[in-house]
Amino acid sequence: MPRILSGYREEVRKKIVEAAYSLFLQKGYHRTTMDEIAHNLGVTKPAIYQYFPGKEELYAAVAEHGREELAEILERSFDNRDLRTGSELLFDTLARYTPQFNSMYSEMMLLAAHNERIRSLLREDRIEDIRVVESFIARQQGKGLISAQLNSRVLAIACDALVNGLLIDILAGLDKEEAKKIWIAAMTQLTRMDETERLAFRKNGSLPGPE
């Protein structure tokens, strides 16, 4: 019985997070109320408070949910694909999410100026986002797709800054296809392996032919 109860609570928690995630993206953090989330789920507000003490704690869970989606997007984009093709698919996928995410994130940044708890949540969110990307890069280095001589954390921060900057530029009017070309060219340059390293990986049978 305890296992059934634990599984049930986790499923309910997941539904609450997914409902909040959707509403935060649609309406923004401030305009979304706990009452509205409860109504959307067909439960009472006290029922939600059994899982999350307040909206800030719920936002932290939503941010974690977003990181899980990011990890899945990274894996899907590069699954059985070379670096160029994976980078292109990743950019297209992120570009579809950007307008909603940037709107919510901009709102959270404004709120953070007067709310230490939200500021702390955003800081932790960014740290964990980078860790997701860094972990992914490290795995690609292990496969011989990215130079192992590169610092995975530095590369993660650089790639994160680059793609977010380009996606913001698209919202400001930059042609999406031009932005994508810049992203792919930069990724190719940033992750390039020298010939000695490439030959070593090929010798071990773990590196595909030229991209």
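What counts as what
- Residues numbered from 1 in each chain as written.
- Predicted model: local features only at pLDDT ≥ 70, side-chain atom pairs only at ≥ 80, totals over all residues.
- Heavy atoms only, no water.
- Helix = DSSP H or I, 4+ residues; strand = E, 2+ residues; numbered from the N terminus.
- Buried < 20%, exposed > 50% of the residue type's maximum accessible area, 1.4 Å probe, protein only.
- Polar contact = N/O pair within 3.5 Å; in protein donor to acceptor, adjacent residues only side chain to side chain.
- 1 Å grid on protein atoms, 1.4 Å probe; cavity = no way out; pocket = protein on both sides within 12 Å on 5 of 7 lines; lining within 4 Å.
- Points joined across faces, edges and corners; volume = space filled by probe spheres on them.
- Nonpolar A, V, L, I, M, F, W, Y, C, P; charged D, E, K, R; others polar.
- Salt bridge = Lys/Arg side-chain N within 4 Å of Asp/Glu carboxyl O.
- Phe/Tyr/Trp six-rings, centres within 6.5 Å; stacked < 30°, edge-to-face > 60°.
- Lys NZ or Arg CZ within 6 Å of the ring centre and 35° of its normal.
- Core = buried A, V, L, I, M, F, W, Y, C linked by side-chain atoms within 4.5 Å.
- Contact = heavy atoms within 4.5 Å.
- Arc of directions from axis to C-beta.
- Axes fitted to C-alpha atoms, helices over the stretch in contact; angles between N-to-C directions.
- Parallel < 35°, antiparallel > 145°, perpendicular 65-115°, else oblique.
- Left-handed = near helix turned anticlockwise from the far one by under 90°.

Draft legend 1. View of the side chain of Arg-67. Its place among the elements puts Arg-67 in helix H4 (residues 55-78). What makes Arg-67 buried here is its relative accessible area of 14%. Polar side-chain contacts of Arg-67 include one of 2.6 Å to the side chain of Asp-125.

Draft legend 2. Quick look at the layout of surface pockets. Computed from the structure, the largest pocket encloses a volume of approximately 950 Å³. Residue lining of the largest pocket: 41 residues in total, with Leu-70, Leu-94, Asp-129, Asp-160 and Asn-164 positioned closest to the centre. At the level of secondary structure, the elements contributing two or more residues to the lining of the largest pocket comprise H4, helix H5 (83-112), helix H6 (116-142), helix H7 (152-171) and helix H8 (176-190). The dominant element in the lining of the largest pocket, judged by the number of residues it contributes, is H4, at 10 residues. Grouping the amino acids of the lining of the largest pocket by side-chain chemistry returns 27 nonpolar, six polar and eight charged.

Draft legend 3. Examining the pattern of salt bridges more closely. Scanning the model with the defined rule gives 14 salt bridges in all. Between Glu-75 and Arg-139 there is a salt bridge whose closest N-O contact spans 2.5 Å. One end of the pair, Glu-75, is in helix H4; the other, Arg-139, is in helix H6, and 64 residues separate them in sequence. A salt bridge links Asp-92 to Lys-180, with the shortest nitrogen-to-oxygen separation between them at 3.1 Å. Highlighted residues: Asp-92 in helix H5 and Lys-180 in helix H8, separated in sequence by 88 residues. Owing to a relative accessible area of 17%, Asp-92 belongs among the buried residues under this scheme. In this structure Lys-180 comes out as buried when scored by relative accessible area, which is 7%.

Draft legend 4. Representation of the packing of aromatic side chains. For the structure on display, the rule yields five aromatic pairs. Ring-pair connections join several aromatic residues into one group, and the members of that group are Phe-24, Tyr-29 and Tyr-59. For the cation-ring pair, Lys-55 lies above Tyr-29, with the distance from its terminal atom to the ring centre recorded as 4.4 Å.

Draft legend 5. Fine view of the nonpolar core. Of all hydrophobic cores here, the largest spans 26 residues; its most connected members are Phe-24, Ile-37, Phe-52, Leu-58, Tyr-59 and Met-108. Broken down by element, this core gets its largest block of residues, eight residues, from helix H1 (residues 2-27). In contact with Leu-58, other than residues within four places in its own chain, are Ile-16, Val-17, Ala-20, Met-34, Ile-37 and Phe-52. Grouped together as the second largest cluster of nonpolar side chains are 25 residues, Phe-91, Ile-130, Leu-166 and Ile-184 included.

Draft legend 6. Helix H2 (residues 34-41), seen in detail. Of the positions making up H2, those classed as buried are Met-34, Ile-37 and Ala-38. Viewed along the axis of H2, the buried residues span an arc of 100°, placing them on a single side of the element. One or two steps after H2, the chain reaches Gly-42, where phi turns positive at roughly 75°.

Draft legend 7. Quick look at unusual backbone geometry. We note that Asn-80 has phi near 55°; this positive angle belongs to a residue other than glycine. Along the chain, the position of Asn-80 falls in the loop between H4 and H5. Asn-80 sits in the exposed class, given a relative accessible area of 77%.

Draft legend 8. Structural view of the packing of H4 against H5. Remark: H4 packs on H5, axes separated minimally by 8 Å, with the N-to-C direction vectors making an angle of 165°. As judged from the angle between their axes, H4 and H5 are roughly antiparallel. Two packed elements cross with a definite hand, and for H4 against H5 that hand is right-handed. Each of Tyr-59, Glu-69, Ile-73, Leu-74, Arg-76, Ser-77 and Phe-78 in H4 lies in contact with H5, whose residues at this interface are Leu-83, Gly-86, Ser-87, Leu-89, Leu-90, Thr-93, Tyr-97, Met-104 and Met-108.

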